[in-house]
Amino acid sequence: MKKNYLLFLGLLLLIAQSAFPQEQKYTISGRVKDASNGEDLIGAIVNLSGTPYGASSNEYGFYSITVPPGKYILEANYLGYQKFEKEITVTANVTINIEMSEQVLEAQEVVITGERPDKNIQNTKIGVQEVDVKQIKKLPALFGEVDVIKNIQMLPGVQVAGEGNTGLFVRGGSTDQNLILLDEAPVYNASHLLGIFSVFNSEALKSAELYKGGIPAQHGGRLSSLLDIRTRDGNSKKFSGSGGIGTISSRLTLEGPIVKDKSSFIISGRRTYGDLFLKLSSDKDVRQTRLFFYDLNAKVNYTINDKNRIYLAGYFGRDVFGLGKFFNLNYGNATGTLRWNHVYNSKLFSNTTLIYSTFDYAQELEFSSFGFEYGTGLKEATIKQDYNYFLNSKNEIGFGISGTHRTYAPGIFSPTSATGLVEVALDKFRSLDFAAYISNKQKISNRFSVEYGLRYSLFSNVGKGDVFVYNGERLEENIIDTISYGSLENIKTYGGFEPRASARYLLNERSSIKASYNHMIQYIHLMANSTSPLPFNVWLPSTPHLQPQTSDQVSIGYFRNFLENKIETSVETYYKNMNNIPDFIDNAELLLNEHFETEVRTGRGWSYGLELFVKKNTGKTTGWISYTWSKTERKIPEINDGKVYYAGYDRRHNFNLVVSHDFNEKVNLSGNWVYGSGRPITLPIGKYEFGDYGNYVPVIYPERNYYRMQAYHRMDIAVTIKNKKKENRNWDSNWNFSIYNLYARKNPFTILTRDSQGLPKKKEVVKIYFPAPIPSITYNFNF
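For every chain, the first residue of the written sequence is number 1, and numbering continues from 1 along that sequence. Only residues with pLDDT of at least 70 get local features here, since the model is predicted, and only at 80 or more are side-chain atom pairs given and counted; chain-wide, interface and lining totals rely on the full set of residues. The side-chain numbers reported here are obtained from all heavy atoms of the structure, hydrogens and water having been left aside.

Caption draft 1: Layout of the sheet that holds strand S2 (residues 45–48). At least two DSSP bridges between two strands are required for those strands to pair. Comment: elements are numbered from the N terminus, with helices defined as DSSP H or I runs of at least four residues and strands as E runs of at least two. Strand order in the open sheet made by the four strands is S3-S2-S5-S6, with antiparallel pairing throughout. Strands with a single pairing partner mark the edges of an open sheet, and in this sheet they are strand S3 (54–56) and strand S6 (84–90). Strand-to-strand twist across the sheet, computed as the mean angle between neighbouring axes with direction ignored, equals 20 degrees. Examined bridge by bridge, strand S5 (residues 70–77) and S6 share seven bridges and lie antiparallel to one another. To get an axis, a line is fitted to the C-alpha atoms, and for a helix only the part in contact is used. The angle between two axes follows their N-to-C directions and goes from 0 to 180 degrees.

The following block contains the structure:
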């Protein structure tokens, strides 16, 4: 098998080398930026008019085109921006930095200058959705909080678990199978308020891109998706600010040049303030209640010279919930990214990155007779080196390496009073993760383009720690030995090759066919038996008893544009096979269990589906329609008597309609309607008691996920009214009036069982849902 992968790698290099030009050629390179604020533009199309030569700007706005000598017209196109044109004569390598201006909106129509490049038809990306951060600010939002995750949930191939839930379930994958990056740093808990909001402040975001398939070889470690979120660099031209005051939170962003056109900063903060109103209560207990979250994004960058630029970005966010001294909950994320961009020459671009990410959770509970503290968490440090080599006009090669050290804290329990309880601290887990990759974006002909690559990952579960040895089935009573390992001593090593490939065949100027294949390996696991992204769920590495998850996904799609690219459409179908998928036995005990492997079983999962997407990008009315038909099943020998069962987030049908209409320059009306068929759930049918005084009460379950909840649907609307801008005043503002769940559909946030209120020793099923409709008002401003 390894020989096949090495042959694949050698073939990749051979194809690239065979493309070396025979005649003298020169390279045009530079950066593409927003003329008003100096922000790098990601994915701008740069080409030479009337020729096959062109490229797109990378994540840092850098582009490179190699051409024969001669006279050309250099063009740059980016959606929402005026077309850039410049006549040039190429007789040597040349650097041309491009600044593009945003479109001017006319009262009757949004005018697009020049023909927009048909990126969705021309590129090799399949299963990829770009999120327009500016557009989502007009859409309805829960409690007035614009949320990029909520909008991603309305894209094809993405499932939602329940009302108000920010968890992502992509093409049959669970929430821990999504790699969520914020400025290249992984975010391990992307939710606030137990999943009602996400941690991403829309004021700070520049771009968001979701990969459901065709994931580049540069990224790995998850089975299902990559969500790549980038924050803005800060206005390098002038000082400016923006913000909003809403019914549940307020936010403020300040940005500006440190040295004009050379260095800039941005700092963006957001905080809820429900707890401030609670202090006005006459009830002492209510006044002592704390309930809020906050976010802080900060970033600075400095251009040393034309070849070197550094960035430093950080995110800090926390949730706090407290009921006096009785109950306190505190959890949050922190990330840091230090990047150095270096241009070696007009063809070779590098990015050196140092990354730090941490997540921690702490809970305190105090009763009259006893109290305790509980905590869990995860932290990691990564160094990575990535290169882009623009070999020629037909080949762009990427390659790089990375190394990561992680520390997992599965739980610590500490009594806070003298009650006879003892401290329980589970051993920490540690791991080392290494990866190397090479890829190539190759234009074989005017109609046929491919992107292919190979990634090799190596993972080691290392000490200090203990490993239990079982005699037969993994049951606590079958432990026969314990092996202890010293600090950084290798416990178990896993590794493997991860080939990737995607291709595009252009049928004509308006349509293309695309296909992709991904093999992915995931070495870390979220120990959670709920579909909600609860913060006390525990992350664990692969161990001798918990093997890495793997997946193979194939997809094919047809892409077609209409009305001179004003309307994009696509049809995609996929099949994904997954191995070593973990699930939990009935009545699993996960909290503070040092023998967690006794509660987990692994097996096979698979998912397949059909995704339809129609999007209108321009004009007074914009929006999209998406529909997904999908099926996700599992088969684990020790669960459900070895029979096939549906995953807890399986939904057969998902439909989303999103519309935004500009009546004029001042008034915008937007709305959405979402529908999802009922998802599976396991409910108990009985219980039995044994032991002294019925202390141990196992619950009896029938087949796994045998029952389906009611269908989920709701409608939201919003009106944005822009205030008249006064002359000689650098202040712009608008009001957003939003109603979430307009017709008060009682969609369940969760379903649980409890003792019946009327019949002793009987159980009843209870549905917990948000009160609706939920109105909100937000005042937005910028200066």
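Next, the rest of the story.
Caption draft 2: Spotlight on the pairing of strand S37 (residues 567–584). Bridging between strand S36 (residues 549–562) and S37 involves 13 bridges; their strand directions are antiparallel. Of the residues in S37, the one forming a bridge with Tyr558 is Val571. Counted along the chain from S36 to the antiparallel partner S37, the turn is four residues long, and its residue Leu563 has a positive phi close to 50 degrees. Pairing between S37 and strand S38 (residues 600–616): 16 bridges, direction antiparallel. Within S38, the position partnered with Thr573 by the bridge is Leu610.

Caption draft 3: Seen up close, the sheet that holds strand S13 (residues 185–186). Strand order across the open sheet formed by five strands is S9-S16-S17-S12-S13, with mixed pairing between neighbours. Every interior strand has two partners, whereas the edge strands, strand S9 (128–131) and S13, have only one. Bridge analysis of strand S12 (residues 178–182) against S13 gives two bridges, and the strand direction is antiparallel. Paired with Leu181 across the bridge in S13 is Pro186.

Caption draft 4: Seen up close, a nonpolar patch on the surface. Residues forming no salt bridge and having over 30% relative accessible area are the ones grouped into patches, like charges within 9 Å of each other and nonpolar side chains (Val, Leu, Ile, Met, Phe, Trp, Tyr) within 5 Å. In these tables, accessible area is a Shrake-Rupley quantity obtained with a 1.4 Å probe, and a residue counts as shielded only by the protein chains included in the view. The salt bridge definition used is simple: a Lys or Arg side-chain nitrogen within 4 Å of an Asp or Glu carboxyl oxygen. Taken together, the side chains of Tyr505, Leu507, Ile513, Ile556, Tyr558, Val571, Leu610 and Leu612 present a nonpolar region at the surface, about 610 Å² in accessible area. Secondary structure elements with two or more residues in the nonpolar patch: strand S32 (490–508), S36 and S38. Its place among the elements puts Ile513 in strand S33 (residues 511–522). The buried label applies to any residue whose accessible area, calculated with a 1.4 Å probe on protein chains only, is under 20% of its type's maximum; exposed applies above 50%, and partly exposed to all values in between. Taking the relative accessible area as the measure of exposure, Ile513 reaches 35% and is therefore partly exposed.

Caption draft 5: Representation of the packing of aromatic side chains in the model. Side-chain rings of Phe, Tyr and Trp (the six-membered ring for Trp) are treated as a pair once their centres are within 6.5 Å; stacked means planes under 30 degrees apart, edge-to-face means over 60, and tilted covers the remaining angles. Evaluated as defined, the whole model comprises 26 aromatic pairs. With a centroid separation of 4.9 Å and 0 degrees between ring planes, the pair formed by Phe459 and Tyr523 is classed as stacked. Note that Phe459 is positioned in strand S29 (residues 448–462) and Tyr523 in the loop between S33 and strand S34 (524–527), a separation of 64 residues in sequence. Like Tyr523, Phe459 is buried. Ring geometry for Trp735 and Tyr779: centres 4.8 Å apart, planes at 50 degrees, overall tilted. Highlighted residues: Trp735 in strand S48 (residues 732–740) and Tyr779 in strand S51 (residues 774–782), separated in sequence by 44 residues. Taking relative accessible area as the criterion, Tyr779 reaches 18% and is therefore assigned buried. What links up through ring pairs into an aromatic cluster is the set Phe239, Trp731, Trp735, Phe737, Tyr779, Phe781 and Phe783. Any Lys NZ or Arg CZ that is within 6 Å of a ring centre and within 35 degrees of that ring's normal is treated as a charge sitting over the ring. We note Arg339 situated over the ring of Tyr311; from NZ or CZ to the ring centre the distance is 4.7 Å. One Lys or Arg, Arg708, reaches over the ring of Tyr646 and ends 4.8 Å from the middle of that ring.

Caption draft 6: Representation of the side chain of Ser660 within the structure. Following the sequence through the fold, Ser660 ends up in strand S41 (residues 653–662). Any pair of N or O atoms that falls within 3.5 Å is considered a polar contact. Within protein, one atom must be able to donate a hydrogen and the other to accept it, and sequence-neighbouring residues count only if both atoms are side-chain atoms. A polar atom in the side chain of Ser660 sits 3.4 Å from the side chain of Gln135. Any two residues whose heavy atoms approach within 4.5 Å are treated as being in contact. Discounting residues that sit within four places of it in the chain, Ser660 has contacts with Gln135, Lys138, Lys620, Thr621, Thr622, Asn668, Leu669 and Ser670.

Caption draft 7: Here's a closer look at the pattern of salt bridges. In the structure shown here, the tally under the stated rule is 34 salt bridges. Arg652 is the salt-bridge partner of Asp650, the closest N and O atoms lying 3.1 Å from each other. A single burial state applies to Asp650 and to Arg652, both of which are buried. The partner of Asp716 in a salt bridge is Arg714, and the shortest N-O contact between them spans 2.9 Å. For Arg714, a relative accessible area of 10% corresponds to the buried category. Beyond isolated ion pairs, a larger network of salt bridges with shared partners links Glu184, Asp228, Arg230, Arg339, Lys384 and Asp386.

Caption draft 8: View of unusual backbone geometry. Note that the residue after Gly463, namely Lys464, is joined by a cis bond; omega there is 20 degrees. Among the secondary structure elements, Lys464 is positioned in the loop between S29 and strand S30 (465–470). At the junction of Ala772 and Pro773, the peptide bond is cis and its omega measures out at 0 degrees in the coordinates. Here Pro773 lies in the loop between strand S50 (763–769) and S51. One non-glycine residue, Asp641, lies in the positive phi region at around 55 degrees.

Caption draft 9: Geometry of the nonpolar core. Membership of the largest hydrophobic core comes to 39 residues, with the highest contact counts inside it found for Val148, Ile152, Phe200, Leu227 and Ile229. Contributing elements (two or more residues each) for this core: helix H3 (133–136), helix H4 (148–152), S12, strand S16 (205–211) and strand S17 (225–231). In plain words, nonpolar cores are sets of buried Ala, Val, Leu, Ile, Met, Phe, Trp, Tyr and Cys residues tied together by side-chain atoms within 4.5 Å.

Caption draft 10: Inspection of the environment of Asn189 at higher detail. Here Asn189 lies in the loop between S13 and strand S14 (191–192). C-alpha of Asn189 to C-alpha of Asp176: the two residues are 13 residues apart in sequence and 9.5 Å apart in space. A polar atom in the side chain of Asn189 sits 2.9 Å from the side chain of Ser191.

Caption draft 11: Representation of the confidence of the model for the protein chain in the model. Confidence per residue, as judged by the predictor, is encoded in pLDDT with a range of 0 to 100. When pLDDT is averaged along the protein chain, the result is 87, and 90% of the positions lie at 70 or above. No element of the protein chain has a lower mean pLDDT than helix H1 (residues 2–18), which averages 52, and none a higher one than S29, which averages 97. Segment residues 105–116: pLDDT under 50, and 23 contacts once partners within four positions in sequence are set aside and those in other chains are kept.

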